[in-house]
Amino acid sequence: MTGLSAASVALGVSAPAAADATPARPIPDGAFALGVASGDPRPDGFVLWTRLAPTPLAADGHGGMPATPVPVQYEVAEDSGFRHVVRRGLAIATPELAHAVHPEVRGLRPGREYFYRFRVGNQLSPVGRSKTLPVTGDSFSFATASCQAWYHGYFPAHRDIARRNPDAVFFLGDYIYEYGIVAGDNLWRQGVTLGPEHAVEIETLEQYRLRYGLFKSDPDLQAAHAAAPWFLVWDDHEVQNNYGAANSLYGVPPELFVHRRAVAYRAYYENLPFALDSLPQGPDGRIYRRYDIGSLARVHLLDTRQYRDPLPKDEADRVSEQRTIMGAEQERWLYDGLRDSRAPWNLVAGGVVLTAITDDRTEQWDGYPANRRRVLAAMGDAGTAVMLTGDIHRHVASELKLDFADPASRTVGVELVCSSIGSNGDGTDTDQYAKDWLQHPYVKFYNARRGYVHTTLTRSELTAEFVTFPYIEADANAQPNVVARFRTPAVDPRLEVL
């Protein structure tokens, strides 16, 4: 590759072809203990990721790596045996980015499967599978997942996602949790022990890096990353519970919280497959972005955390027309993208639930009803909308009404809310919150087990399967159950039970 800046090389994107691929000093065995990943797929390529961390749980957060740059080779092939390699490159893993690399592979063919791997010295990474987005095509499958509290249980949902080999995975927030992990309190994952460095709420860059190392050490999470490209958005626990913009709800002064947000965003980028343009600048990071899956669907990934107005002071504030959960710039960006879409489907993925449930649920879109009305109106003027969200640790399927207060209002799309991967432990089929949801005629399904949603889009219909697991706390061996299946016709958006 040519024309790369020194800054790009230092940030682990790619290095000149003539760069030396030999590490200056031997790297400890197990350099790829955190696995591999790909993300941000496009018709001509995707972003690859790995982070060198032979000791992921080293208490200092450095993963057992020396404080020196390390060259990392990568290959992309048309087959898992790497007989037909189509791209090779070199990226530099630096201590400034926790020895993570994010090479951006371009020039590939659209709508096809590729395989990739990394090499450092004589160590070879696991093989990952990725896919470019199609330019043409009539079908696209994806899984949606969120909320993976490692300490609350194992991740059989990720194992099952990997088994299905979807075209993509949407991860909708709460990739890590910031709480201290304490045995006898919130450590419900049986058969594991942790050192005292994990027992504190994380605040520093090194602590965030260590927490990612802990979560990403899970083999089923690694398998899901290696099985398909991921689209990711954040919610709150990547920084601190229920934060909004520069505001902590737990007494952290604004002048200190802005630093916490900066290091949290930095660690998020370091540990996930994002392109260089998503690298945060201090406490600011742009993660809302748009993709076209050929002419089948347009994808809008939202940030409903960073730009939101504070929680309302009173009811008059809650219903104010000026309130926004997205910020004015992102709102305009979304409405422009919906208006210009010619696809039969518009996928909108965000961190918190859009469907109207209760007025006191102000941390969700219920706290921003004017913004919700504007979004629903924009959805109603475009192709059928599919809202993908998580956060609540429950499966929910609902129909999106142009006006939720009017039962006769037009349905503009559907919302598929995925339960948690691990948060809140085993869960139950129903719970005390079910009545709050099922009292509304537009809510068609509610389940409080752990799991994920698998969805297939065609030009004529959407099919969604809600997958749950009977337990997650004891071990990772629970088997999946498809507890509900829905069909949504493209020309008549509704949830039809299958």
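Residues numbered from 1 in each chain as written. Predicted model: local features only at pLDDT ≥ 70, side-chain atom pairs only at ≥ 80, totals over all residues. Heavy atoms only, no water.

Labelled according to an unreviewed UniProt entry, the chain appears under the name Alkaline phosphatase D family protein, originating from Kribbella sp. HUAS MG21.

(A) How the structure looks around the pairing of strand 21 (residues 461-469). Along strand 21, 8 of the 9 residues are buried, which leaves the element largely enclosed by surrounding structure. Note: strand 20 (residues 443-458) against strand 21, 8 bridges, orientation antiparallel. Across the sheet, Val 453 pairs through a bridge with Phe 466, a residue of strand 21. Where strand 20 folds back on strand 21, the antiparallel hairpin that results is connected by 2 residues. Looking at chain direction, strand 21 and strand 22 (residues 481-489) are connected through 8 bridges and run antiparallel. Paired with Glu 461 across the strands is Pro 489, a residue of strand 22. (Buried < 20%, exposed > 50% of the residue type's maximum accessible area, 1.4 Å probe, protein only. Helix = DSSP H or I, 4+ residues; strand = E, 2+ residues; numbered from the N terminus. Pairing = 2+ DSSP bridges.)

(B) Quick look at empty space enclosed by the protein. This structure, assessed with the given rule, holds 1 cavity of 30 Å³ or more. Of the volumes computed, that of the largest cavity is approximately 40 Å³. Contributing to the lining of the largest cavity are Leu 34, Gly 35, Val 36, Trp 49, Tyr 175, Lys 216, Leu 221, Gln 222 and His 225. Per-element tally for the lining of the largest cavity: the top contributor is helix 4 (residues 219-227), with 3 residues. (1 Å grid on protein atoms, 1.4 Å probe; cavity = no way out; pocket = protein on both sides within 12 Å on 5 of 7 lines; lining within 4 Å. Points joined across faces, edges and corners; volume = space filled by probe spheres on them.)

(C) Structural context of helix 2 (residues 156-164). Those residues of helix 2 not exposed but buried are Pro 156, Ala 157, His 158, Asp 160, Ile 161 and Ala 162. Looking at the buried positions of helix 2, the neighbouring elements they touch are strand 10 (139-145), strand 11 (168-171), helix 4, strand 12 (230-232), strand 20 and strand 21. Following helix 2 by one or two positions, Asn 165 has its phi on the positive side, about 50°. (Contact = heavy atoms within 4.5 Å.)

(D) View of the UniProt feature "domain: PhoD-like phosphatase metallophosphatase" (unreviewed entry) in the chain. UniProt feature "domain: PhoD-like phosphatase metallophosphatase" (unreviewed entry): in the numbering of this structure it lies at residues 142-466. End-to-end, the C-alpha atoms of residues 142-466 are 12 Å apart, and along that stretch the chain is 25% helix and 22% strand. (UniProt positions renumbered as here; feature names shortened; annotations may be inferred.)

(E) Expanded view of the pattern of salt bridges. Following the criterion strictly, the structure yields 37 salt bridges and no others. Between Arg 266 and Glu 270 there is a salt bridge; the shortest N-O distance is 3.6 Å. Separated by 4 residues within a single helix, Arg 266 and Glu 270 lie in helix 5 (residues 254-270), roughly one turn from each other. For Glu 329, the salt bridge identified is with Arg 286, shortest N-O distance 4.0 Å. You can see Glu 329 sitting in helix 7 (residues 328-340) and its partner Arg 286 sitting in the loop between helix 5 and strand 13 (289-293), a full 43 residues away along the chain. (Salt bridge = Lys/Arg side-chain N within 4 Å of Asp/Glu carboxyl O.)

(F) Layout of the packing of aromatic side chains. A complete count under the given rule lists 23 aromatic pairs for this structure. On the basis of an interplanar angle of 40° and a centroid distance of 6.4 Å, the ring pair of Phe 140 and Phe 142 is categorised as tilted. The burial state of Phe 140 is the same as that of Phe 142; both residues are buried. Counting every residue linked through ring pairs, the aromatic cluster contains Phe 140, Phe 142, Phe 170, Phe 231 and Tyr 291. (Phe/Tyr/Trp six-rings, centres within 6.5 Å; stacked < 30°, edge-to-face > 60°.)

(G) Structural view of the packing of helix 7 against helix 8 (residues 369-380). It is at 9 Å that the axes of helix 7 and helix 8 come closest, and there the two elements cross at 20°. Judged on the interaxial angle alone, helix 8 and helix 7 are roughly parallel. Where helix 7 crosses over helix 8, the handedness of that crossing is right-handed. Of helix 8, the residues touching helix 7 (which contributes Glu 331, Leu 334, Tyr 335 and Leu 338) are Asn 371, Arg 374, Val 375, Ala 378 and Met 379. By residue class, the composition of the contact of helix 7 with helix 8 is 6 nonpolar, 1 polar and 2 charged. (Axes fitted to C-alpha atoms, helices over the stretch in contact; angles between N-to-C directions. Parallel < 35°, antiparallel > 145°, perpendicular 65-115°, else oblique. Left-handed = near helix turned anticlockwise from the far one by under 90°. Nonpolar A, V, L, I, M, F, W, Y, C, P; charged D, E, K, R; others polar.)

(H) Spotlight on the nonpolar core. Residues Phe 170, Tyr 175, Leu 347, Leu 416 and Phe 466 are the most contacted members of the largest nonpolar core, which totals 81 residues. For this core, the element with the highest residue contribution is helix 5, accounting for 7 residues. Formed by 34 residues, the second largest nonpolar core is a distinct cluster that contains Val 348, Ile 357, Leu 376 and Met 387. (Core = buried A, V, L, I, M, F, W, Y, C linked by side-chain atoms within 4.5 Å.)

(I) Expanded view of unusual backbone geometry. Its identity as a non-glycine residue notwithstanding, Ala 98 has a phi of 55°, on the positive side. Residue classification places Ala 98 among the buried residues on the basis of a relative accessible area of 7%.

(J) Structural context of the layout of surface pockets. Of the volumes computed, that of the largest pocket is approximately 640 Å³. Along the walls of the largest pocket sit 26 residues, with Gln 364, Asp 391, Ile 392, His 393 and Arg 394 positioned nearest its centre. Residues that form the lining of the largest pocket fall into these classes: 8 nonpolar, 10 polar and 8 charged.

(K) Representation of the pairing of strand 7 (residues 113-120) in the model. With respect to burial, strand 7 is a largely interior element, 6 of its 8 residues being buried. Where strand 3 (residues 70-77) and strand 7 come together, 5 bridges link them in antiparallel fashion. Bridge assignment links Ala 77 to a residue of strand 7, and that residue is Phe 115. With 2 bridges connecting them, strand 7 and strand 8 (residues 123-124) associate as antiparallel partners. Each bridged residue has a counterpart across the sheet, and for Arg 119 the counterpart in strand 8 is Leu 124. From the end of strand 7 to the start of strand 8, which pair antiparallel, there are 2 residues, and Gly 121 there has a positive phi angle of about 60°.

(L) Here's a closer look at the packing of helix 3 (residues 205-216) against helix 5. Between helix 3 and helix 5, the least distance of the axes is 9 Å, while the angle of their chain directions is 35°. For the pair helix 3 and helix 5, the crossing hand works out as right-handed. Where helix 3 abuts helix 5, its residues Leu 205, Tyr 208, Arg 209 and Tyr 212 lie against Arg 260, Val 263, Ala 264, Arg 266, Ala 267, Tyr 268 and Glu 270. A class-by-class count of the residues in the contact of helix 3 with helix 5 yields 7 nonpolar, no polar and 4 charged.

(M) Summary view of helix 7. Spanning 13 residues, helix 7 covers 18 Å between terminal C-alpha atoms, matching the ideal 18 Å at 1.5 Å per step. Buried within helix 7 are the following residues: Gln 330, Glu 331, Trp 333, Leu 334, Tyr 335, Gly 337 and Leu 338. Where the residues of helix 7 are buried, they touch strand 13, strand 14 (297-301), strand 15 (345-349) and helix 8. (Expected span 1.5 Å × (residues − 1).)

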